[in-house]
Amino acid sequence: MNQNYTFRWGLLDGLPICLGYLSVSFAFGIFSTQSGLAIWETLLISMTNLTSAGQLAGVPIIAGGGTFIEMAVAQFVINLRYALMSISLSQKADESMTLPHRLLIAFGNTDEVFAVASSKKKPVGSRYMYGLILLPYLGWASGTLLGAVAGSLLPDVVVAALGIAIYGMFIAIVVPVAKENRPTALCVGVAVILSLLFHFLPLLSSIPEGFAVILSAVAAAALLAAFAPLDAEGCPAFRRKENK
Amino acid sequence: MTENFFLYLLVMAGVTYLVRMIPLVFMKKRIENRFVLSFLYYIPYAVLTVMTIPAIFFSTGNLPSAAAGLLVALLLAWNRRGLLTVAVGASGAALLTEVLLRYIFPLFV
């Protein structure tokens, strides 16, 4: 059948994502090797996961010898947003996206890939999606390798400073939205408080980091979902009528 | 030890993949429940925030450079700078602070 967008179009759309991924994965590569993982382990993680937040959470669990349950639950909660993206993408897919294609394409459904695919005006087919995913995947893998190797070659001072890079990226995602939207800002505030509590209070701080992340994030998100759900347009808003 | 790693990898990649794959394959209907939709909206922001605070303060190995990096990151992000700019800016601030503290200040003390 004729698909709306070609493989080549996918490649073109994927190129900016690829460039962005080179830097994020570079930071991850450094972080992972600094945490004690080998270069090959770091590379394998990136090649099989394709997610920055999940990988960042997973590395300390491996390095610290956390339980497999902790890993599974942490990955589940942290990557939960992909479930929503997949549902959304499913609506956008044309008939060429049969089961075998869905099984493959699901692997590459990252935040950025999803964002671009969603922005297309017409339904997307398998060929376009393959094109869209390919370069970002290569960028993610190569960036990781470069970062993992660079970690041992760059001067200590530089490597230490780069440790903050991946958190910088998280901030770049959260702050602009929180700035614009009060419920989201409140969610962030609650999350900060909970995270600090889990970190510093005597009883709570003995809970493994993976679980602490899950509990704090789920609590903050659930609280806000209850008191400031999405309205008809899909924007978060406090329940009671409030003039902004 | 290596078998342990592959098990971790299997769990990690497996769960990530399943979370992405199952809805794409099975859920052809839209989610209607408002609480679930809202929860799914908030969860990425909650997760990223929890992962950043307080971990960012330990990310560079010393508090002053991390704090400087955080400040710069917040400033740049507030002004809607892109991912790369914020990350590079934060790293740069951390590096500058570290260099100042390690090499420049000792000359005066």
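Residues numbered from 1 in each chain as written. Chains lettered and ligands numbered in written order. Predicted model: local features only at pLDDT ≥ 70, side-chain atom pairs only at ≥ 80, totals over all residues. Heavy atoms only, no water.

Chemist: It is not clear to me how the overall build of chain B should be interpreted in this structure. Could you clarify?
Modeler: Secondary structure assignment for chain B yields four helices and zero strands. Over its C-alpha atoms chain B spans a radius of gyration of 21 Å, topping by over 25% the 13 Å that the globule rule assigns to 109 residues. Once the C-alpha set of chain B is aligned to its principal axes, its extents read approximately 65 × 45 × 20 Å. Buried residues in chain B amount to 45% of all 109 residues. (Helix = DSSP H or I, 4+ residues; strand = E, 2+ residues; numbered from the N terminus. Rg over C-alpha atoms; globule rule 2.2 N^0.38 Å. Buried < 20%, exposed > 50% of the residue type's maximum accessible area, 1.4 Å probe, protein only.)

Chemist: Mind showing me how you'd approach a nonpolar patch on the surface here?
Modeler: All names here are of chain B. A contiguous nonpolar surface patch, about 850 Å² in accessible area, is contributed by Leu-96, Leu-100, Leu-101, Tyr-103, Ile-104, Phe-105, Leu-107 and Phe-108. Checked against the element boundaries, Tyr-103 lands in helix α4 (residues 83-108). Tyr-103 sits in the partly exposed class, given a relative accessible area of 45%. (Patch = residues over 30% accessible without salt bridge, like charges linked within 9 Å, V, L, I, M, F, W, Y side chains within 5 Å. Areas by Shrake-Rupley, 256 points an atom, 1.4 Å probe, with all protein chains shown as cover. Salt bridge = Lys/Arg side-chain N within 4 Å of Asp/Glu carboxyl O.)

Chemist: I'm lost on the pattern of salt bridges in this one. Help?
Modeler: Pairing of side chains with opposite charge becomes possible as their charged atoms draw close. Per the stated rule, a full pass over the model turns up three salt bridges over all chains. We note a salt bridge from Lys120(A) to Asp13(A), for which the minimum N-O separation is 2.8 Å. Remark: Asp13(A) occurs in helix α1 (residues 7-34) and Lys120(A) occurs in the loop between α7 (111-119) and α8 (126-153); sequence separation between them is 107 residues. Linking Glu180(A) and Arg80(B) is a salt bridge whose minimum nitrogen-to-oxygen distance equals 2.8 Å. Within this pair, whereas Glu180(A) is found in helix α10 (residues 165-180), its partner Arg80(B) is found in the loop between α3 (63-78) and α4, the two belonging to separate chains. Using a relative accessible area of 45% as the deciding quantity, one classes Arg80(B) as partly exposed.

Chemist: Where do I start with helix α5 (residues 81-92) of chain A in this structure?
Modeler: Given 3.6 residues to a turn, an α-helix orients residues that are three or four positions apart in the same direction. Between its first and last C-alpha atoms α5(A) spans 17 Å; for 12 residues at 1.5 Å apiece the expected length is 16 Å, and the two agree. Regarding α5(A), the residues found buried are Arg81(A), Tyr82(A), Ala83(A), Met85(A), Ser86(A), Ile87(A), Leu89(A), Ser90(A) and Lys92(A). (Expected span 1.5 Å × (residues − 1).)

Chemist: Help me understand the nonpolar core, please; the structure alone is not making it clear to me.
Modeler: Side chains of a nonpolar character, in soluble globular proteins, are inclined to be buried together. Ile45(A), Ile62(A), Met129(A), Tyr42(B) and Met51(B) are the most contacted members of the largest nonpolar core, which has 92 residues in total. At 11 residues, helix α2 (residues 34-52) of chain B tops the list of elements feeding residues into this core. (Core = buried A, V, L, I, M, F, W, Y, C linked by side-chain atoms within 4.5 Å.)

Chemist: Can you help me understand the interface of chain B and chain A in this one?
Modeler: Many analyses report the size of an interface as the accessible area lost when the parts associate. With 70 residues of chain B at the contact, the number on the chain A side is 94 residues. Counting the surface lost from both chain B and chain A, the interface buries some 7400 Å², and carbon and sulfur atoms represent 77% of this. Our enumeration of links across chain B and chain A arrives at one salt bridge. Contributions of two or more residues to the side of chain B that touches chain A are made by α1 (2-26), α2, α3 and α4 of chain B. Ranked by residue count, the leading element in the side of chain B that touches chain A is α1(B), at 19 residues. Of the residues belonging to the side of chain B that touches chain A, the class tally is 51 nonpolar, 11 polar and eight charged. (Contact = heavy atoms within 4.5 Å. Buried area = accessible area lost by both parts, 1.4 Å probe. Nonpolar A, V, L, I, M, F, W, Y, C, P; charged D, E, K, R; others polar.)

Chemist: Please explain the packing of α10(A) against α2(B) as it appears in this structure.
Modeler: Two quantities define a packed helix pair, namely the angle between the helix axes and the distance between the axes. Orientation of α10(A) relative to α2(B), taken along the N-to-C sense of each, is 135°, at an axis distance of 10 Å. Here α2(B) runs oblique to α10(A), going by the angle between their axes. The chirality of how α10(A) crosses α2(B) is left-handed. Counted together, Tyr167(A), Phe170(A), Ile171(A), Ile173(A), Val174(A) and Val177(A) of α10(A) and Tyr41(B), Tyr45(B), Leu48(B), Thr49(B), Met51(B) and Thr52(B) of α2(B) form the full contact between these two elements. Split by residue class, the contact of α10(A) with α2(B) holds 10 nonpolar, two polar and no charged. (Axes fitted to C-alpha atoms, helices over the stretch in contact; angles between N-to-C directions. Parallel < 35°, antiparallel > 145°, perpendicular 65-115°, else oblique. Left-handed = near helix turned anticlockwise from the far one by under 90°.)

Chemist: Can you help me understand the packing of aromatic side chains in this one?
Modeler: Any two aromatic rings considered together are summarised by their centre-to-centre distance and by the angle between their planes. For the structure on display, the rule yields 12 aromatic pairs over all chains. Between Tyr5(A) and Tyr128(A), the aromatic rings sit 5.4 Å apart at their centres with planes inclined by 50°, giving tilted as the arrangement. You can see Tyr5(A) sitting in the segment before α1 and its partner Tyr128(A) sitting in helix α8, a full 123 residues away along the chain. Side by side, Tyr5(A) and Tyr128(A) carry an identical accessibility label, which is buried. With a centroid separation of 6.4 Å and an interplanar angle of 25°, the aromatic rings of Phe35(B) and Phe39(B) are classed as stacked. A residue pair is termed a helical-turn pair when its members lie 3 or 4 positions apart in one helix, as Phe35(B) and Phe39(B) do in helix α2 at four residues. Members of the aromatic cluster, joined through ring pairs, are Tyr5(A), Trp9(A) and Tyr128(A). (Phe/Tyr/Trp six-rings, centres within 6.5 Å; stacked < 30°, edge-to-face > 60°.)

Honestly, that's just the spatial picture; any functional story needs more than this.
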